[in-house]
Amino acid sequence: MLLCTLKIYILSFMKPLQAKLAQYRAPQEAKAAGIYPYFTPITSEQNTEVYVQGRQGKVLMFGSNSYLGLTNDPRLKEAAKRAIDKYGTGCAGSPFLNGTLDIHIQLQDELAEFLGKEGVMLFSAGFLANSGVIPDVVSRGDYLFYDERVHASIMEGKLITYANTQKYKHNDMADLERVLQKVPLEACKLVVTDGVFSMEGDVAHVDKMVDICNRYNATLMVDEAHGLGVFGREGRGTCDHYGKLKDVELVMGTFSKSLASVGGFIASDKETINWMKHSVRPYIFTASITPASTASVLEALHIMRSEPERNAALWDNQRYAFNAFKDLGFEIGNTSTPIIPLFIRDDPKTFAITHQLLEDGVFVTPVIAPAVPGDETLIRVALMATHTHEQIDIAVEKIYKAFKNLQVL
Ligand SMILES: Cc1ncc(COP(=O)(O)O)c(C=O)c1O
C-alpha cells in the first residue's frame, strides 16, 4: 500500500510521456529473474563459435543469419579494408546527392544482372528498402495486400502508406484470392510477402502467387532476405527456386544475412527503379551504404556465385539438424529452410531456455510476440554452411536437455 502510494506520488511529478514509459517494467523484471536474453555482447567475429563478454570459453553460434558463413572470410575483410583505403569510412551523404560511389553502381549492375532485372537500387538497410518502397509505390486510392506473418519492415511500410491495406491468412492462397476479388481489376494493387518467413522458416508459394497476381492485375513484391544465398541457382532466392524470378516485379533483398554485411536492395524494371530513385524517402534522405560494406558485399556476391559448395554444405546441415530435432520429437512447424523454429509456447520458459543454453555454451535466439503470435513463442535455431556435424550434435544434445528440464518435451 505504502509502495503503491509512493509510486503514484513519484509518477505525479513526471510529464505524461515519462510517466507512461516509466511503467514499462518487462526488461527489468526479466533481468531481476536472471533470464534477460537480449543485447548479449559478443567480443569476437561472427562465426560458428563466438566469445561472449563475461563468459569463459567459446559459445556455439546457432543464432546467426550468416547462412554462407562469410562474415569472417578473409577475402571480404580485405575487400572492406581496400575500400576504406580508397574511399574512406563513409559517404557523408545520400545516393541522391554526394553519396554515390562507382562501387555502388557496380554492385547495382552486378545484382541486376544476377537477378535478371533491369535495375537495382541500394539501401543502407533492408528495413529501409521495405519500409520505404511500399508506401512509395502504393499510396492514396491504391491497395496493399500482405501476408499476416510478414517481417516488421514490411509492416512498417504498411503503417506508413496511405493506401488501403488488407492482410491475408498466412500462406493461404485461397484467402489471398478472396481479398483480391473484392477490389476492382483496374485498381493499383501491390501484394507483398516474405519469400522465406524469418521466424518460422516456411516458404511462400511464390509460383501460385505469380498466377494469382496476374489474374487479378496485381503487382507482386517478394522479400528475399532469407532466400538469397539459400534457394535458387547460385543463391538467387525463392523466386528463382520456383522459376518465377522474371515474373516477380519487385524483388527485395538484404546484405545482412548471406552477403555478410549491412544494407539492402530492390530490383525491378527500368521505369519502376527510375520512379523510386526519385521518390523513395529512405533512399533520398539517408546516407549511402558505406564503402567497406559495399565492397565486402561485392566480394560476397562473387564468392556466393563461384563457390556452390557453400550452399550445398548449408543444405546438408539443414537436413542433418532438421532430422535430429524431428527424431527427438521437437515441435518444429512447417520449416523447410535453415531456420528451425523450436516451439515452446511460453514466454518465461523461452527466456529461461535461452539463458540456460548460453550457460551451456549454445547461443540461440528467443522469439516472442510481436515477432510471432503470443502463443507461438519459440527458440530459433539458424544454420550456417560452416557448421560441422559435430557442432550440430553438441547443440542438439544441449537443447534437448534444456527442453526436457523445463518439461517442454
Ligand atoms: C524478412 C526480413 N526482411 C527484412 C529484414 C531487414 O533487413 P536488414 O537487416 O537489412 O535491415 C529482415 C532482417 O531481419 C528480415 O528478416
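Our subject is the structure listed above.
Scope of this entry: the structure provided in the associated data block. As the structure is a computational prediction, the values presented were derived from the model and not from experiment. (Residues numbered from 1 in each chain as written. Predicted model: local features only at pLDDT ≥ 70, side-chain atom pairs only at ≥ 80, totals over all residues. Heavy atoms only, no water.)

### Side note on the sheet that holds strand E1 (residues 49–50)
Backbone hydrogen bonds hold the strands of a sheet together, and the pairing may be parallel or antiparallel.
Stage number 1. Judged by pairing direction, the sheet is mixed, and its 3 strands sit side by side in the order E1-E2-E11 without closing on themselves. The open sheet is flanked by E1 and strand E11 (362–363), the only strands paired with a single partner.
Stage number 2. Packing of helix H16 (residues 389–405) onto the sheet brings it into contact with E1, strand E2 (59–61) and E11, and relative to E2 it is tilted by some 105°. (Pairing = 2+ DSSP bridges. Helix = DSSP H or I, 4+ residues; strand = E, 2+ residues; numbered from the N terminus. Contact = heavy atoms within 4.5 Å. Axes fitted to C-alpha atoms, helices over the stretch in contact; angles between N-to-C directions.)

### With respect to unusual backbone geometry
For residues that are not glycine, phi is negative in most cases, and the peptide bond is trans in most cases.
Stage number 1. The peptide bond linking Ala 369 to Pro 370 adopts the cis configuration, its omega dihedral lying at 5°.
Stage number 2. With respect to the secondary-structure elements, Pro 370 resides in the loop between strand E12 (365–367) and strand E13 (378–382).
Stage number 3. Positive phi, close to 55°, is recorded for Asn 171, a residue that is not glycine.
Stage number 4. Its place among the elements puts Asn 171 in the loop between strand E5 (164–168) and helix H8 (173–181).
Stage number 5. Judged by its relative accessible area of 14%, Asn 171 falls in the buried class.
Stage number 6. The residue Asn 217 is not glycine, and still its phi comes out positive at about 65°. (Buried < 20%, exposed > 50% of the residue type's maximum accessible area, 1.4 Å probe, protein only.)

### What to know about the sheet that holds E5
Stage number 1. Taken together, 7 strands build an open sheet; the order of strands is E3-E9-E8-E7-E6-E4-E5 and the sheet is mixed. Two strands close off the open sheet at either side, each with one partner strand: strand E3 (119–123) and E5. For this sheet, the mean angle separating the axes of adjacent strands, direction not counted, is 20°.
Stage number 2. Across 5 bridges, the pairing between strand E4 (residues 143–147) and E5 is parallel.

### Comments concerning the side chain of Ser 198
Stage number 1. Turning to its location among the elements, Ser 198 is positioned in the loop between strand E6 (189–194) and helix H9 (206–215).
Stage number 2. Look past the residues within four positions of Ser 198 in its chain and what remains in contact with it is His 151, His 226, Ile 339 and Arg 380.

### Digging into the site of the ligand
Stage number 1. The environment of the ligand is made up of 16 residues, and the closest members are Gly 126, Phe 127, Asp 223, His 226 and Thr 254.
Stage number 2. Gly 126 is positioned with one of its backbone polar atoms (N or O) 2.7 Å from an oxygen atom of the ligand.
Stage number 3. Asp 223 places a polar side-chain atom, nitrogen or oxygen, 2.5 Å from a nitrogen atom of the ligand.
Stage number 4. Relative to its free-state accessible area of 390 Å², the ligand is covered by the protein chains to the extent of 84%.
Stage number 5. A molecule is said to occupy a pocket when more than half its atoms come within 2 Å of that pocket's grid points, and by this definition the ligand occupies the largest pocket.
Stage number 6. When residues of the shell around the ligand are traced back to their parent elements, those giving at least two are helix H6 (126–137) and strand E8 (250–254).
Stage number 7. Looking at the shell around the ligand, the element that brings in the most residues is H6, giving 3 residues.
Stage number 8. Residues that form the shell around the ligand fall into these classes: 4 nonpolar, 9 polar and 3 charged. (Near = heavy atom within 4 Å. Polar contact = N/O pair within 3.5 Å; in protein donor to acceptor, adjacent residues only side chain to side chain. Areas by Shrake-Rupley, 256 points an atom, 1.4 Å probe, with all protein chains shown as cover. 1 Å grid on protein atoms, 1.4 Å probe; cavity = no way out; pocket = protein on both sides within 12 Å on 5 of 7 lines; lining within 4 Å. Sits in = over half its atoms within 2 Å of the grid points. Nonpolar A, V, L, I, M, F, W, Y, C, P; charged D, E, K, R; others polar.)

### Quick word on the packing of aromatic side chains
Stage number 1. Overall, the coordinates contain 9 aromatic pairs when judged by the stated rule.
Stage number 2. Ring geometry for Phe 255 and Phe 265: centres 5.7 Å apart, planes at 25°, overall stacked. Of the two residues, Phe 255 is situated in the loop between E8 and strand E9 (264–268) and Phe 265 in strand E9; the sequence distance between them amounts to 10 residues. Each member of the pair, Phe 255 together with Phe 265, is buried.
Stage number 3. By the ring-pair criterion, three or more aromatic residues cluster together here, those being Phe 325, Phe 330, Tyr 400 and Phe 403.
Stage number 4. Over the aromatic face of Tyr 36 sits the side chain of Lys 31, whose NZ or CZ is 4.7 Å from the ring centroid. (Phe/Tyr/Trp six-rings, centres within 6.5 Å; stacked < 30°, edge-to-face > 60°. Lys NZ or Arg CZ within 6 Å of the ring centre and 35° of its normal.)

### Quick word on the layout of surface pockets
Stage number 1. In this structure, the largest pocket encloses a volume near 1,000 Å³.
Stage number 2. As for the largest pocket, its lining consists of 48 residues, and the residues nearest its centre are Tyr 38, Gly 63, Phe 363, Thr 365 and Pro 366.
Stage number 3. Elements with a contribution of two residues or more to the lining of the largest pocket: H6, E8, helix H15 (347–359), E11 and E12.
Stage number 4. In terms of residues, the lining of the largest pocket owes the most to one element, H15, which gives 4 residues.
Stage number 5. Classifying every residue of the lining of the largest pocket gives 24 nonpolar, 18 polar and 6 charged.
Stage number 6. Summarising the domain contributions, the lining of the largest pocket has at least three residues from each of domain 1 (30–61 + 308–405) and domain 2 (74–306).
Stage number 7. In this structure, the second largest pocket encloses a volume near 380 Å³.
Stage number 8. Every residue lining the second largest pocket is counted, 13 residues in all, and those nearest its centre are Val 150, Ala 152, Pro 370, Ala 371 and Val 372.
Stage number 9. Class assignment of the residues belonging to the lining of the second largest pocket gives a composition of 8 nonpolar, 2 polar and 3 charged. (Points joined across faces, edges and corners; volume = space filled by probe spheres on them. Domains from an automatic or database assignment.)

These results come straight from atomic positions and should not be treated as a statement about function.
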